[in-house]
Amino acid sequence: MKLARLDSDIGRAQNAYDVFVALDDAGRRVGKCSIVPYKADDLLPDCPFNIFIDLDGELRSMDMLLGAALASAEVVHRTYPKLEARVYAGCAPDDSGLIDVLKTYGFRVDDREVGMIKTLYSDPFDADLPQGMSFISDKLESREDSRRTLARINATFGENRSEDWLERLKREPGFKRIAVIDINGPVGEALVYEMDQSLGVIAMLIVEPRARRKGVAQFLLECARIHFVSRGLSMARADVWERLEPARRLFEHCGYFAKGDTWYFPGFMMDSTEGRLS
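Because the structure is predicted, anything quoted here is derived from the model rather than measured.

Participant: Explain the side chain of Thr-156 here, please?
Facilitator: Here Thr-156 shows up in helix 4 (residues 143-157). If we skip the residues at most four places from it in the chain, Thr-156 touches Leu-43, Ile-206 and Arg-212.

Participant: What exactly am I supposed to notice about the layout of surface pockets here?
Facilitator: By rolling a water-sized probe across the atoms, one finds the places where empty space is left. By volume, the second largest pocket is sized at about 230 Å³. Lining the second largest pocket are 14 residues, with Lys-118, Asp-126, Glu-222, Arg-225 and Cys-254 sitting closest to its centre. Here the lining of the second largest pocket takes 4 residues from helix 6 (residues 216-230), the largest share from any one element. The residue inventory of the lining of the second largest pocket, partitioned by class, reads 6 nonpolar, 3 polar and 5 charged.

Participant: What should I look at first to understand the sheet that holds strand 1 (residues 2-5) in this one?
Facilitator: Strands pair in a sheet through their backbones, by hydrogen bonds, and they do so in one of two ways: parallel or antiparallel. The strand order across the open sheet built from 6 strands is 1-2-3-4-5-13, with neighbouring strands paired in mixed fashion. Bordering the open sheet on either side are strand 1 and strand 13 (267-270), each of which pairs with just one other strand. Going from strand to strand, the sheet's axes swing by 20° on average, the running direction of each strand aside. Pairing analysis gives 6 bridges linking strand 2 (residues 18-23) to strand 3 (residues 29-39), with the strands arranged antiparallel. When the sheet's bridge partners are listed, Ala-22 is paired in strand 3 with Gly-31. Strand contacts of helix 2 (residues 62-77): strand 1, strand 2, strand 3, strand 4 (49-57), strand 5 (85-89) and strand 13, with the helix running at about 160° to strand 4, the strand carrying the most contacts.

Participant: In this structure, what is going on with the packing of aromatic side chains? I would like to understand it.
Facilitator: For any pair of aromatic rings, the description rests on two quantities: the centre-to-centre distance and the angle between the ring planes. Enumeration according to the criterion identifies 9 aromatic pairs in this entry. Between Phe-49 and Tyr-80 the ring centres are 4.9 Å apart and the planes differ by 65°, which places this aromatic pair in the edge-to-face class. Within this pair, whereas Phe-49 is found in strand 4, its partner Tyr-80 is found in the loop between helix 2 and strand 5, the two being separated by 31 residues in sequence. With relative accessibility at 35%, the residue Tyr-80 sits in the partly exposed group. Taken together, the ring pairs connect Phe-52, Tyr-88, Trp-241 and Phe-265 into an aromatic cluster. Just above the ring of Tyr-80 sits the side chain of Lys-39; from NZ or CZ to the centre is 5.9 Å. Over the aromatic face of Trp-165 sits the side chain of Arg-161, whose NZ or CZ is 4.5 Å from the ring centroid.

Participant: Teacher, can you tell me more about the nonpolar core here?
Facilitator: Where a protein is soluble and globular, its nonpolar side chains tend to be buried together. Within the largest apolar cluster, 30 residues are counted, with the highest numbers of intra-cluster contacts made by Ile-202, Leu-205, Val-216, Phe-228 and Phe-251. At the level of secondary structure, the elements contributing two or more residues to this core comprise strand 6 (112-119), strand 8 (176-182), strand 9 (185-195), strand 10 (199-207), helix 6, strand 11 (235-241) and helix 7 (245-253). For this core, the element with the most residues is helix 6, which contributes 8 residues. With residues up to four places along the chain from it excluded, the contact list for Val-216 reads Pro-130, Met-133, Val-180, Val-187, Gly-188, Val-207 and Ala-211.

Conventions and cut-offs
Residues numbered from 1 in each chain as written. Predicted model: local features only at pLDDT ≥ 70, side-chain atom pairs only at ≥ 80, totals over all residues. Heavy atoms only, no water. Helix = DSSP H or I, 4+ residues; strand = E, 2+ residues; numbered from the N terminus. Contact = heavy atoms within 4.5 Å. 1 Å grid on protein atoms, 1.4 Å probe; cavity = no way out; pocket = protein on both sides within 12 Å on 5 of 7 lines; lining within 4 Å. Points joined across faces, edges and corners; volume = space filled by probe spheres on them. Nonpolar A, V, L, I, M, F, W, Y, C, P; charged D, E, K, R; others polar. Pairing = 2+ DSSP bridges. Axes fitted to C-alpha atoms, helices over the stretch in contact; angles between N-to-C directions. Phe/Tyr/Trp six-rings, centres within 6.5 Å; stacked < 30°, edge-to-face > 60°. Buried < 20%, exposed > 50% of the residue type's maximum accessible area, 1.4 Å probe, protein only. Lys NZ or Arg CZ within 6 Å of the ring centre and 35° of its normal. Core = buried A, V, L, I, M, F, W, Y, C linked by side-chain atoms within 4.5 Å.

It is worth stressing that arrangement in space is one thing and function is another; only the former is reported here.
Right under this line is the structure:
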């Protein structure tokens, strides 16, 4: 097996600093990883500087890919040597093989995404639209609107979700984009769809920093509830990142409760002075 680094243009297209692939002896790709550094001062004030390692592929390629990814992460961290950085990856809770590999490199399963659910009732609409704002709902028919929404999602979470991801989401039954807008454009968006003819899924909820703590997110969740009820659904679900404490409190306030872990984000902290692993 051998390792190859992809062209830098591919990395820029994926919002990544580096992209590596693992090839078997026949030259077939068996794994890929990208390193996505980002700063999120508003979203993650406790540790704004983060380096996400996006891993995908066969388990046999993970050791080689992680070695390259961590070396790249150290280089990235030297850009901000005085900041602590959290280095983390994502994996399914039942992926014991990948979890074991990550643990050998010092990753700890200390962060997760929690599935939160709510029973839906046909109660009257119970949220106020913030003053000076309006809202729209559509299916993101415009390609330009889709690209702008995707850009806002990736900028908010420091991710590298692709246009293909959004196009697949748009094909889900009951898909809808609900957006709160002001004079400058969208300040909050929710992407929702239905699953198994009974469950409404809030796939994404984002609010611009300038519009937070004004009731925008609560209004979007209430719009999502009305949409789900109109389609005859009985439950709603959202996967909430544990590090986003305000988001968890929001969903709890709106009647959601934790059901179980849906995704793990094992990680570790990188030293704030020399970029050494700690």
